[in-house]
Amino acid sequence: IHEGTHFLLFKNRHLNELASDWLAAFPIYTSTYQFRIHHLAHHQFVNDPERDPDIAQLKESGHWLDFPVPPIELLWSFVKALSPLKLAAFTLIRAKYSAVGFDGHAYVDPGDLGSKWPLRVGVLYGVAVPIVTVELIRLGHPQAAVAVLTAATVAALAYLAALPERAFIQTRLAPVISHRATMISRVAYFALLYGTLTFLTVTGRAPAWHWFGLYWVLPLFTAFPLFMMLRQWVQHGNADRGRYTNTRVFLTGPLVRYAVFPWGMDYHLPHHLMASVPHYNLRRLHALMQRDPVYREKGVVLHGFFAAPEGP
């Protein structure tokens, strides 16, 4: 999704959007466009306490730390963040921010706000329908579960297809694919997913809904927000808005790189300098930027998760 947000997957932007949506964004209940709105504002207003949505989101979910902080405070904040309620709050609030579902976003067009109802219908379909479907299956009514899923799918698709494009939330960032087409695609994706899980479950082939909840939904509200929060803390905590000082480079071991800094997130300073460079070239970009004396002087390279090689 991150690479798709910066149009780095394919030269063809429609293909870029479709691949990012169907293979990555839809599975975690968002879309590439919605994440782009959130993420490009972060790039443009990085570390701005009023306009950087990453900071606003951390504050609203109760995970913001006013760096610098003593090590014991950081450790205690980490322990408190392990609370299931706080982790769930992080995911839900991030979803709200990524969906442009809040007032004051830098890219919202105040003269053309559109309606939030298409988004609400999409959320209702994505969240409420599977709950009802699973409960009907659990109570021994598989046919009713199939009927509810089918009726909800038809109703959601018909409602979204009937709306004019101006009815959807508008922003100053033009979409590659229309908002209506993206929302219809999103419902279609969930219809295929939920239909497959229901078929496998009611036919006795596999406890598919159970597996989906255990191996996908549960991590989405536990491990996923934990690693996201850890990355946001160290990438931009105690950093200013300077070109070379708004983030850092992290030289870590394979486990931390896999869990916290995947896909070039460890070379975050060169990414913020040149966001059009794909993740697999960021290490080379960092080496190239070492020729710049200002980059060498001001850019912070950390060996490990928290510690600099020398100095504070």
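Residues numbered from 1 in each chain as written. Predicted model: local features only at pLDDT ≥ 70, side-chain atom pairs only at ≥ 80, totals over all residues. Heavy atoms only, no water.

Engineer: Mind laying out the overall build of the protein chain, listing which residues take part and the relevant values?
Structural biologist: Looking only at helices and strands, one finds 15 helices and two strands in the protein chain. For 312 residues, the compact-globule estimate of 2.2 N^0.38 gives 20 Å, and the C-alpha radius of gyration of the protein chain, at 21 Å, lies within 12% of that figure. Counting only C-alpha atoms and orienting by the principal axes, one finds that the protein chain spans roughly 65 × 40 × 35 Å. The proportion of buried residues among the 312 residues of the protein chain is 45%. Across the protein chain, contacts joining residues at least 24 apart in sequence account for 65% of those joining residues at least 6 apart. With 27 positive and 20 negative side-chain charges, the protein chain shows a separation of 5 Å between the mean positions of the two kinds. (Helix = DSSP H or I, 4+ residues; strand = E, 2+ residues; numbered from the N terminus. Rg over C-alpha atoms; globule rule 2.2 N^0.38 Å. Buried < 20%, exposed > 50% of the residue type's maximum accessible area, 1.4 Å probe, protein only. Contact = heavy atoms within 4.5 Å. Lys, Arg positive; Asp, Glu negative; His and termini not counted. Charge placed at Lys NZ, Arg CZ, Asp CG, Glu CD.)

Engineer: I'd love a proper account of the pattern of salt bridges, names of residues and values included.
Structural biologist: Between side chains of opposite charge, a pair can form as their charged atoms come close. Summed over the entire model, instances satisfying the criterion amount to four salt bridges. Glu17 is the partner of Arg36 in a salt bridge, and the nearest nitrogen-oxygen pair spans 2.9 Å. Highlighted residues: Arg36 in helix H3 (residues 32-44) and Glu17 in helix H2 (residues 13-25), separated in sequence by 19 residues. The exposure classification of Arg36 matches that of Glu17, with both residues buried. (Salt bridge = Lys/Arg side-chain N within 4 Å of Asp/Glu carboxyl O.)

Engineer: I'd love a proper account of helix H9 (residues 179-202), names of residues and values included.
Structural biologist: Between its first and last C-alpha atoms H9 spans 34 Å; for 24 residues at 1.5 Å apiece the expected length is 34 Å, and the two agree. Taken as a whole, H9 has its buried residues at His179, Thr182, Met183, Arg186, Val187, Tyr189, Phe190, Tyr194, Leu197 and Thr198. Check the buried side of H9 and you find it contacts H2, H3, helix H7 (117-138), helix H8 (142-162) and helix H10 (208-220). Two residues or fewer past H9, Gly204 is found with a positive phi of approximately 75°. (Expected span 1.5 Å × (residues − 1).)

Engineer: Tell me about the packing of aromatic side chains, and name the residues and values.
Structural biologist: Counting across every chain of the model gives 11 aromatic pairs. Summarising the aromatic geometry, the rings of Tyr189 and Phe190 are spaced 5.3 Å apart at their centres and angled 75° between planes, so their arrangement reads as edge-to-face. Pair check on accessibility: Tyr189 and Phe190 agree, each one buried. Geometrically, the ring pair formed by Trp209 and Phe212 is edge-to-face, given 5.9 Å between the ring centres and 85° between the ring planes. A residue pair is termed a helical-turn pair when its members lie 3 or 4 positions apart in one helix, as Trp209 and Phe212 do in helix H10 at three residues. In this structure an aromatic cluster arises from ring pairing among Trp22, Phe26, Tyr29, Tyr125, Tyr189, Phe190, Tyr194, Trp209 and Phe212. One cation-aromatic arrangement involves Arg13 over Phe7; the distance from NZ or CZ to the ring centre is 3.7 Å. Lys59 extends its terminal NZ or CZ atom over the ring of Trp64, reaching a point 5.6 Å from the ring centre. (Phe/Tyr/Trp six-rings, centres within 6.5 Å; stacked < 30°, edge-to-face > 60°. Lys NZ or Arg CZ within 6 Å of the ring centre and 35° of its normal.)

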